[in-house]
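Close look at the chain arrangement
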Amino acid sequence: MSHYPRPGINPDYCKGCGLCVASCPKKVLAISEKLNSKGYHYCEYTGDGCIGCGNCFYSCPEPAAITVYLKDHQPGKEA
Amino acid sequence: MARTLMKGNHAAVYGAVMAGCTAYYGYPITPASEIAEGAAEIFPKLNRTFLQAESEIAAINMVYGAAGSGRRVMTASSGPGISLKMEGLSYCAGSALPCVVVDVMRGGPGLGNIGPEQSDYNQVVKGGGHGNYRNLVLAPNSCQEMCDFTMLAFDLADRYRNPVFVLTDGVIGQMMEAVELPKPVTHIPDRSEWAVCGTPLNKNLINSIYLDLDDLERWNMALDAKYRSVKENEVRYEEYLMDDAKIAVVGYGCVSRVLRSTVEMARARGIKVGLFRPITLFPFPEKQIRAFADRGVEKVLTVELSTGQLVDDVNLSLQGTLKSDLYYRVGGNVPSALEILNRISELYGV
Amino acid sequence: MEKKTVLRKPAGFLDVYKHKPGAEKDRTHYCPGCGHGILHKLIAEAMEDLEIIDDTIIISPVGCSVFAYYYFDGGHFQVPHGRAPAVGTAVSRANPDKIVISYQGDGDLAAIGGNNILQAANRGESIAVFFVNNAIYGMTGGQMAPTTLEGQVTTTTPYGRNPATDGLPLRMAEIINQLEAPTFVARVSLHNPANIRKTRAAVRQALQNAKEHKGFQFVEVLSMCPSGWKQTPVNCLKWIEEKMLPIFPLGTLRDRSAEATPVVRPEPVLEPGKVLEKLGLTEDKSRGFARGTVAEEYSEMSIRIAGFGGQGIMSTGQILAQVAMEYGYNVSWLPSYGPEMRGGTANCSVNIQDDTIGGAEAVSPNMVIAMNRPSMEKFEKTMVEGGSLIYNSTLVEISPSRTDIKAFPVPITGLANELGDIRVQSVVGVGAYAAVTGMFRPEDIIEMLPQFFKGKNKSIIDLNASAVRAGYDYVKNNF
Ligand SMILES: Cc1ncc(C[n+]2csc(CCOP(=O)(O)OP(=O)(O)O)c2C)c(N)n1
Ligand code: SF4
Ligand code: SF4
């Protein structure tokens, strides 16, 4: 995937609580049909439309489950 | 340094000051309050912390915080307050934190009264709080020892990273004697390896949780090994005219002073009584008491200001070679030397 | 701070949760949708952004956040249930240049630790408190908390919290806000992104203040407990909004961040020379009085001093012990206290001897100083044969009943009265004792008076000197 903003979700850390889905103003997050290794239906980015608001990042209780790459993000460079 | 006339309670404060104790957290209770009052007067002169906590529970948790921060720290109380400290003490032992607690015992149970008793023996010497831990317990019987043993308590606390009690009674806390103040310590052991302190901060963890069953078992075994090494190395006691004694009287704290007078009165009458005074109550001088019979002792009388707490340890130590009799006074009463001698005469027909 | 281009796991968290047992050292133990995780993230992010990771000490309570120490970078204390503010008090005083965070649940802070939080707040301790109000006991399986809502069903309020028996929810932020000392008090919530951002701002303000050592910060956070509430995480959001907000109104209750002055704590003095100097112990003040010849019967003294409270009984005894100490004797002084001390009478025991002192109570004294009649009647009986009884003949109008003792009737109160101040009667007694026993020279006692009456002016010292002489001379002239 080449363009930002967009969320990066680590399915393994997701506990499927759905708080990010509820927080997303663009409704571009959804709980997957699939299960992760812990047996949770995890959250997925359903495609384009992320505006980089960060709501999902701050709503997610799991430290490493969601990363949000903002508009100016350049791969390999983190600030 | 000059001798100064002071209360046992104040002597404990000086012991702490000279040991480099930088924080005192406490809550007033008779007959221990002069320790808080003394600390309140002296500690601020040295930029050290004195804080009157909201309760004994708060005080022992402040002790936990200061000890975990690598400071030498002390609190003091009496029966009801010591009862309240038990959870915190268990945490201190469980987290291997060095700290010093002075217990100036009073009459119980419940509110009891403020007279001298020794009825905190079991709760202090046997651990008191939950879990497999012990307190090291020193039992001074003079104002000088209140000072010296408090100072020693800080060393032992550091050496074993464990709470150390100075267990005394209202008589020793309230009485005044000449005290020769020791010199302040020049060196306090480094704690950077385990304490949360320093700049940059040592990011250590002060904790007693071991979720894994085997981990907790291992930790308990490590504590047990520590207490066994304490038993091996730290037994302290005092004898008076024990070498030819046929009758041994056993007692600690203010009772041991009265017993000394009893021994003198008995000897004046030609009765061979000797005094055995445990100084450390944990570790208890088991071997020395076990050796009574081999040394020619025929009768043992334990005298205590509790209805049979010390005597249990004496009998355990005797291992059936002899059986200790018990004489006690409680309620704030202290037996006189003659009263005890009369009891000896009655019991042993001497 | 550079503008972020990525929102990712903040550096205030450890990379690997090394203290967490088991294999999963990369994820939290919290239930799905638990508010604790969100608040953790806000704190960890603020630690990173405020550059305080290497100066922060976190206190983990008992409750679901008992394992907070797994996750945060920094120094850690795990503490007994409710006691984080007490522990934090000492930690912040021992580490005055560090940032101390107390992270607590509502059972921990508002129930078992209710007093500790109030007192720490009232003292204005340098602690930032993050208080997770989830209206329930999460860890122990959903019992009632002090913050549980009226009618709320929990495992210990199976019929709903009943105000008549269980009280109403405690509003801790409002209670803390009653106190003068706290710097910053806010209640915030995690139930939607806008409120999470307000929570984020409150967390940052609290930690900024903590970084500047500006006293006590209190941030109450309304937080979801899906497991305890037995609701889906998303429904929990609605429950906070509909049920909790009316009872727990949000907002900044107090912000004195700008005016607050940093707490400064000087380094403790430990250097031995300085310690002695500050305590005034550098010079040996002992006098080392030379002993005169003392009759055999007075060479080893066991003394009981007794009278009304207010007659200076305790100080008479202390003065005797102090003076004797300067003559090189072993001394002890024991007050009557405890069950003895009733009905306004007082007594004390003093031992003066060369040998080690045994029992400190003068059970069978060879000297009694009786300042009133009940004291004489009580302690005369206890004396050894041949002992000496000094009694205050001003107040004791009878004679001793024992004939096997030596009696010294001295009008102690009367002599003091003649000097114009009956408060000096204790010192008259000391003078009489010196004359009877020959143990002390009156000049030596007088030399020590400034030490006994520290801070008193010369006229009072002189008056007491006359009192020593009066007691001493009376005995010398009459017996
Ligand atoms: C002295 C003591 N009493 C009781 C407990 C048991 N206990 C553990 S957690 C807890 C309740 C914690 O609830 P809360 O503070 O609301 O935190 P939460 O779990 O909801 O985050 C209790 C009662 C304990 N550990 N120690
Ligand atoms: S950053 Fe905002 S818009 Fe993008 S996925 Fe997350 S919540 Fe949705
Ligand atoms: S029980 Fe409640 S507070 Fe505890 S982790 Fe689960 S959701 Fe969070």
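Look up a bit, the structure's there.
The present account deals with the structure reproduced in this document.

Thresholds applied
- Residues numbered from 1 in each chain as written.
- Chains lettered and ligands numbered in written order.
- Predicted model: local features only at pLDDT ≥ 70, side-chain atom pairs only at ≥ 80, totals over all residues.
- Heavy atoms only, no water.
- Helix = DSSP H or I, 4+ residues; strand = E, 2+ residues; numbered from the N terminus.
- Buried < 20%, exposed > 50% of the residue type's maximum accessible area, 1.4 Å probe, protein only.
- Contact = heavy atoms within 4.5 Å.
- Areas by Shrake-Rupley, 256 points an atom, 1.4 Å probe, with all protein chains shown as cover.
- Salt bridge = Lys/Arg side-chain N within 4 Å of Asp/Glu carboxyl O.
- Expected span 1.5 Å × (residues − 1).
- Arc of directions from axis to C-beta.
- Near = heavy atom within 4 Å.
- Nonpolar A, V, L, I, M, F, W, Y, C, P; charged D, E, K, R; others polar.
- Buried area = accessible area lost by both parts, 1.4 Å probe.
- Polar contact = N/O pair within 3.5 Å; in protein donor to acceptor, adjacent residues only side chain to side chain.
- Pairing = 2+ DSSP bridges.
- 1 Å grid on protein atoms, 1.4 Å probe; cavity = no way out; pocket = protein on both sides within 12 Å on 5 of 7 lines; lining within 4 Å.
- Sits in = over half its atoms within 2 Å of the grid points.
- Axes fitted to C-alpha atoms, helices over the stretch in contact; angles between N-to-C directions.
- Points joined across faces, edges and corners; volume = space filled by probe spheres on them.

Here's the deal with the overall build of chain A
Each helix and strand counted, chain A has two helices and four strands in total. Each helix (α) and strand (β) of chain A, taken in turn from the N terminus, gives the series β-α-β-β-α-β. Across its three principal directions, the C-alpha atoms of chain A cover 35 × 25 × 20 Å. In chain A, which comprises 79 residues, the share counted as buried stands at 51%. Considering only contacts within chain A whose residues lie at least 6 apart along the sequence, 57% involve residues at least 24 apart. Only carbon and sulfur atoms are counted for the fraction: they give 51% of the accessible area of chain A, which is about 3900 Å².

Side note on the pattern of salt bridges
Applying the stated criterion to the full structure yields 52 salt bridges over all chains. For D313 of chain B, the salt bridge identified is with K126 of chain B, shortest N-O distance 2.5 Å. Within this pair, whereas D313 of chain B is found in helix 12 (residues 310-318), its partner K126 of chain B is found in the loop between helix 6 (121-125) and strand 7 (136-138), the two being separated by 187 residues in sequence. For R187 of chain C, the salt bridge goes to E174 of chain C, with nearest N and O atoms at 2.5 Å. Taken together, the residues R187 of chain C in strand 6 (residues 184-189) and E174 of chain C in helix 7 (residues 172-177) connect sequence positions 13 residues apart. E174 of chain C sits in the partly exposed class, given a relative accessible area of 23%. Sharing partners across several salt bridges, the network here consists of K4, E45, D49, R200 and R204 of chain C.

Section: helix 9 (residues 213-233) of chain B
Spacing of three or four residues puts side chains on the same side of an α-helix, whose turn is 3.6 residues. Residue and element names in this part refer to chain B. For helix 9, spanning 21 residues, the distance from its first C-alpha to its last is 30 Å, which sits close to the expected 30 Å at 1.5 Å a residue. Residues of helix 9 that are buried include every one of L223, K226, Y227 and V230, and no others. The buried residues of helix 9 occupy an angular sector of 95° when the element is viewed end-on, so they sit on one face. Facing away from the buried side of helix 9 by more than 90 degrees, the exposed set consists of L213, R218, M221, E232 and N233.

Some words on the site of ligand 3
Neighbouring residues of ligand 3: Y30, C31, C34, H36, C64, N134, G138, C225, P226 and S227 of chain C. For the shell around ligand 3, the class distribution of residues is six nonpolar, four polar and no charged.

A short note on the interface of chain C and chain A
Each partner contributes residues to the interface: chain C has 34 residues there, and chain A has 31 residues. Each partner contributes to the roughly 2800 Å² buried at the junction of chain C and chain A, and carbon and sulfur atoms together form 60% of this total. Linking K38 of chain A and E24 of chain C is a salt bridge whose minimum nitrogen-to-oxygen distance equals 2.5 Å. Put simply, chain C and chain A have 14 residue pairs in polar contact (both at pLDDT 80 or more) between them. The element that contributes the greatest number of residues to the side of chain C that touches chain A is helix 1 (residues 35-49) of chain C, accounting for five residues. Considered class by class, the residues forming the side of chain C that touches chain A number 17 nonpolar, five polar and 12 charged. The sheet contact formed by strand 4 (residues 66-69) of chain A and strand 1 (residues 6-7) of chain C spans two bridges and is antiparallel. Of the residues in strand 1 of chain C, the one forming a bridge with Y69 of chain A is V6 of chain C.

Regarding the site of ligand 2
Residues and elements named next belong to chain A. Looking at ligand 2, the residues that line it are P7, C24, V28, L29, C50, I51, G52, C53, G54, N55, C56 and V68. Among the cavities detected, the one that contains ligand 2 is the second largest cavity. Residue classes in the shell around ligand 2 are distributed as nine nonpolar, three polar and no charged.

Structural notes on the interface of chain C and chain B
Opposite the 72 residues of chain C that make contact, chain B presents 68 residues. Note on chain C versus chain B: buried area summed over both sides is about 5600 Å², and carbon and sulfur give 64% of it. The interface formed by chain C and chain B contains three salt bridges. Among the ionic pairs, E54 of chain B bridges to R123 of chain C, the shortest N-O distance being 2.9 Å. Counting the contacts that link chain C with chain B gives 25 residue pairs in polar contact (both at pLDDT 80 or more).

Some points on the sheet that holds strand 11 (residues 345-353) of chain C
Spatial ordering of the open sheet is given by 1(B)-9(B)-10(C)-11(C)-9(C)-12(C)-13(C)-14(C), a layout of eight strands whose pairing is mixed. Looking along the sheet, the strands with just one partner apiece sit at the ends: strand 1 (3-7) of chain B together with strand 14 (406-410) of chain C. Taking each pair of neighbouring strands and ignoring which way they run, the sheet shows an average axis angle of 20°. Both strand 9 (residues 301-308) of chain C and strand 11 of chain C contribute to a ladder of eight bridges, which runs antiparallel. Bridged to M301 of chain C within strand 11 of chain C is I352 of chain C. Along the sheet face, helix 1 (residues 8-18) of chain B touches strand 1 and strand 9 (176-180) of chain B and points at about 120° away from the line of strand 1 of chain B.

Some words on the arrangement of the chains
Summarising the chain contacts, two pairs of chains touch, and the pair with the most contacts is chains B and C. Kept free of each other, chain A and chain B leave a smallest C-alpha distance of 21 Å between them.

Regarding empty space enclosed by the protein
Residues and elements named next belong to chain A. Scanning the entire structure with this criterion turns up six cavities of 30 Å³ or more. Within this model, the largest cavity holds a volume of roughly 140 Å³. If you go around the largest cavity, you meet 19 residues; those closest to its centre are K15, C17, C60, P61 and E62. Here the residues of the lining of the largest cavity are counted per class, giving 13 nonpolar, four polar and two charged. By volume, the second largest cavity amounts to about 100 Å³. In terms of lining, the second largest cavity is formed by 14 residues, of which the most central are C24, V28, C50, C53 and C56. Its residues assigned to classes, the lining of the second largest cavity comprises 10 nonpolar, three polar and one charged.

Focus on the environment of V68 of chain A
You can see V68 of chain A is positioned in strand 4. Of the residues examined, V68 of chain A reaches a relative accessible area of 1% and is grouped as buried. Filtering out sequence-adjacent residues up to four positions away, V68 of chain A remains in contact with R6, P7, G52, C56 and F57 of chain A together with T5, V6 and L7 of chain C.

Fair warning: the whole summary comes from geometry, so function is off the table for now.
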